Amino acid sequence: MTRSFAPLLPFLSFLPLWLSPPDVHRIHQRMLTLDTHADAPIMLQKSGFDVGARHDTKRDGSQIDFPRMKDGGMDAMFFAVYTSQGPRTATGHAEAKRNALNQFDLIQRSLKKYPTVAELATTPADAYRIEKAGKRAVFIGMENGYPVGEDLSLVQTYFDLGCRYITLSHFANNAICDSSTDPDGPLHNGLSAFGRQVVQEMNRLGIMVDISHNSDKTFYDVLALSKAPVIASHSNARALCDFPRNMTDDMIRAIGKNGGVVQVNFVSDYLRQPSEAHRAAKTKIRMARVGKVTTPDMEARIMAQSDSVSTAYASERASLSDIVNHIDHIVKLTSIDHVGIGSDFDGGGGVNGLEDVSQIENLTGELLRRGYSEKDITKIWGGNLLRVLSQAKGK
Ligand SMILES: [Zn+2]
């Protein structure tokens, strides 16, 4: 359970006898790989960061750029337009909208700068076409519906800018719904009346409804209302790691019945149960931004605190096998058709043996070692998610 792998070679020695490392590489390269949760826009907002240049995970604190996506055989990622939850006021909503529009612009500018390397994708056909051309497909998702504020017309605005999923809330409640981790508890008892309109508008346009971070009650409200299958863009199983932000077995079964997909997340403390002291330290950091308008200074302080907590509790860090334990669990509760990958790279994701986007082949190797077939892994690495995206317009 706690075996940790050094990158690539040592762990490949555990492969079934009939598979050699070159076989893993060939299999990995043959499939379209897609990740629904990349926090690359956090880095794009830092002055001087160039997503077209190669970075070093340790030195630069970056886990994603186009060269390393290519190295790792990562074909498609949803870049998340993320806003932390600030005040639920007209001013707060206006600031969140400004922040979100700026991130859409930064993504578009990065793509314009590297037209032969990467391209915006909004449909499954785009992803396959861009992959065939040997380029990186960049989808856009929105983590936290806070920038929608209380203005329904903004859902269309973000759709027109390329947004193909919205995570209804983040760490705290917003105008749309209750979050799983708001320290003040529920505000709307699930989805608000406005939130119901937002979900219906997303169904009409073809934006996937993402229930990661939402309270359990919000989840069930969304499932009862949505006319299209829903996703959890980056969520794990609560049975294996007890945390409100992870999903219960009943929720996972329900998403399977709904035709949706749970995209497994690489954040260590959502994979492997941390000690009480570790969790308390992480909770404090997680909530530091809530209800506040953040400044770059404050962000830097929070990131430094987060790094020092990670260092102090390094022995509790999850590994590749923990990721596959969550995948196994979801497959057992549903089937191979309802699980995928949402790494959270650049947003806290990363485990022993999988430190950045250039190392994702290690996960394919671990899945093969655990008995998954190439066909299964193709579904996990994006096939399932693209099916749901093709059905995002509700009937
Ligand atoms: Zn998140």
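Just so you know, these numbers come straight off a predicted model, no measurement behind them.

A.B. asks: Would you explain the pattern of salt bridges in this entry?
C.D. replies: Between side chains of opposite charge, a pair can form as their charged atoms come close. Scanning the entire structure with this criterion turns up 23 salt bridges. The salt bridge involving aspartate 356 is made with arginine 68; its shortest N-O contact spans 3.1 Å. Taken together, the positions of aspartate 356 in the loop between strand S9 (339-341) and helix H16 (361-369) and arginine 68 in helix H5 (residues 66-72) put the pair 288 residues apart, joining distant regions of the chain. Residue aspartate 356 shares its accessibility class with arginine 68, and that shared class is buried. Here glutamate 201 makes a salt bridge to arginine 204, at a shortest N to O gap of 2.9 Å. With glutamate 201 and arginine 204 both in helix H9 (residues 193-205), this residue pair falls three residues apart, about one helical turn. If you follow the salt bridges from partner to partner, you end up with Glu119, Asp126, Arg129 and Lys135 in one network.

A.B. asks: Please explain the pairing of strand S1 (residues 34-38) as it appears in this structure.
C.D. replies: Moving residue by residue along a regular strand, the side chains alternate between the two faces of the sheet. With respect to burial, S1 is a largely interior element, five of its five residues being buried. Note that S1 and strand S2 (residues 76-82) share three bridges and pair parallel. Opposite leucine 34, over in S2, you have alanine 76 as the bridge partner.

A.B. asks: Just to check I follow, could you spell out the pairing of strand S4 (residues 136-143) for this structure?
C.D. replies: In terms of burial, S4 is largely enclosed, as eight of its eight residues are buried. Residues of S4 alternate between two faces, with Arg136, Val138, Ile140 and Met142 on one and Ala137, Phe139, Gly141 and Glu143 on the opposite face, all of them buried. As paired elements, S2 and S4 share seven bridges and run parallel to each other. By the bridge assignment, valine 81 is partnered in S4 with methionine 142. Judged from the three bridges that link them, strand S3 (residues 118-120) and S4 form a sheet pairing that is parallel. If you follow leucine 120 over to S4, its bridge partner there is valine 138. Where the polypeptide runs from S3 across helix H7 (residues 124-132) and back to S4, its parallel neighbour, the crossover connection is right-handed. Bridge count between S4 and strand S5 (residues 163-167): four bridges; the pairing is parallel. Bridging from a neighbouring strand, isoleucine 140 pairs with cysteine 163 of S5. Considered for its hand, the β-α-β crossover made up of S4, helix H8 (residues 153-160) and S5 is right-handed.

A.B. asks: Hey, could you run me through helix H17 (residues 374-390) in this one?
C.D. replies: The periodicity of an α-helix, 3.6 residues per turn, causes residues three or four positions apart to be oriented the same way. Between the first and last C-alpha of H17 there are 22 Å, a value that for 17 residues agrees with the 24 Å anticipated at 1.5 Å per step. At isoleucine 380, H17 shows its largest bend, some 60°. Those residues of H17 that fall on the buried side of the exposure criterion are Ile377, Ile380, Trp381, Gly382, Asn384, Leu385, Leu386, Val388 and Leu389.

A.B. asks: Is there a simple way to explain the coordination of the zinc ion in this structure?
C.D. replies: When four donors bind a metal tetrahedrally, each ideal donor-metal-donor angle is 109.5 degrees, and when six bind octahedrally, the ideal angles are 90 or 180 degrees. The protein atoms donating to the zinc ion are Glu143 (OE), His213 (NE2) and His234 (NE2), with metal-donor distances spanning 2.0 to 2.2 Å. Here the donor residues of the zinc ion share one chain and are spaced in sequence as E-x69-H-x20-H. Of this pair, glutamate 143 sits in strand S4 while histidine 234 sits in the loop between strand S7 (231-232) and helix H11 (249-257), and the two are 91 residues apart along the sequence. Here glutamate 143 falls in the buried class, since its relative accessible area comes to 3%. Relative accessible area serves as the criterion here: at 0%, histidine 234 is assigned to the buried category.

A.B. asks: It is not clear to me how the side chain of asparagine 265 should be interpreted in this structure. Could you clarify?
C.D. replies: Tracing the backbone shows asparagine 265 in the loop between strand S8 (261-264) and helix H12 (268-271). Only 3.1 Å separates the side chain of asparagine 265 from the side chain of aspartate 344, close enough to count as a polar contact. Beyond its immediate sequence surroundings of up to four residues, asparagine 265 is in contact with His234, Ser235, Asn236, Tyr270, Leu271, Gly342, Ser343 and Asp344.

A.B. asks: How should I be thinking about H16 in this particular structure?
C.D. replies: Of all nine residues that make up H16, eight are buried, and the element is covered over most of its length. Those residues of H16 that fall on the buried side of the exposure criterion are Glu361, Asn362, Leu363, Thr364, Gly365, Glu366, Leu367 and Leu368. Following H16 by one or two positions, glycine 371 adopts a phi angle in the positive range, close to 100°.

A.B. asks: Even after reading the chapter, I still don't get unusual backbone geometry, so can you show me in this structure?
C.D. replies: One can expect most non-glycine residues to show negative phi and most peptide bonds to be in trans. Positive phi values are uncommon outside glycine, yet asparagine 144 reaches one of about 95°. Secondary-structure assignment places asparagine 144 in the loop between S4 and H8. With a phi angle near 60°, asparagine 189 is a residue other than glycine that sits in the positive phi range. Here asparagine 189 shows up in the loop between S5 and H9.

Thresholds, definitions, all that
Residues numbered from 1 in each chain as written. Predicted model: local features only at pLDDT ≥ 70, side-chain atom pairs only at ≥ 80, totals over all residues. Heavy atoms only, no water. Salt bridge = Lys/Arg side-chain N within 4 Å of Asp/Glu carboxyl O. Helix = DSSP H or I, 4+ residues; strand = E, 2+ residues; numbered from the N terminus. Buried < 20%, exposed > 50% of the residue type's maximum accessible area, 1.4 Å probe, protein only. Pairing = 2+ DSSP bridges. Right-handed = clockwise from strand over helix to strand, strands pointing away. Expected span 1.5 Å × (residues − 1). Bend = angle between axes of the 7 residues up to and from the residue. Donors = N, O, S within 2.8 Å, 3.2 Å for Na, K, Ca; no water. Polar contact = N/O pair within 3.5 Å; in protein donor to acceptor, adjacent residues only side chain to side chain. Contact = heavy atoms within 4.5 Å.

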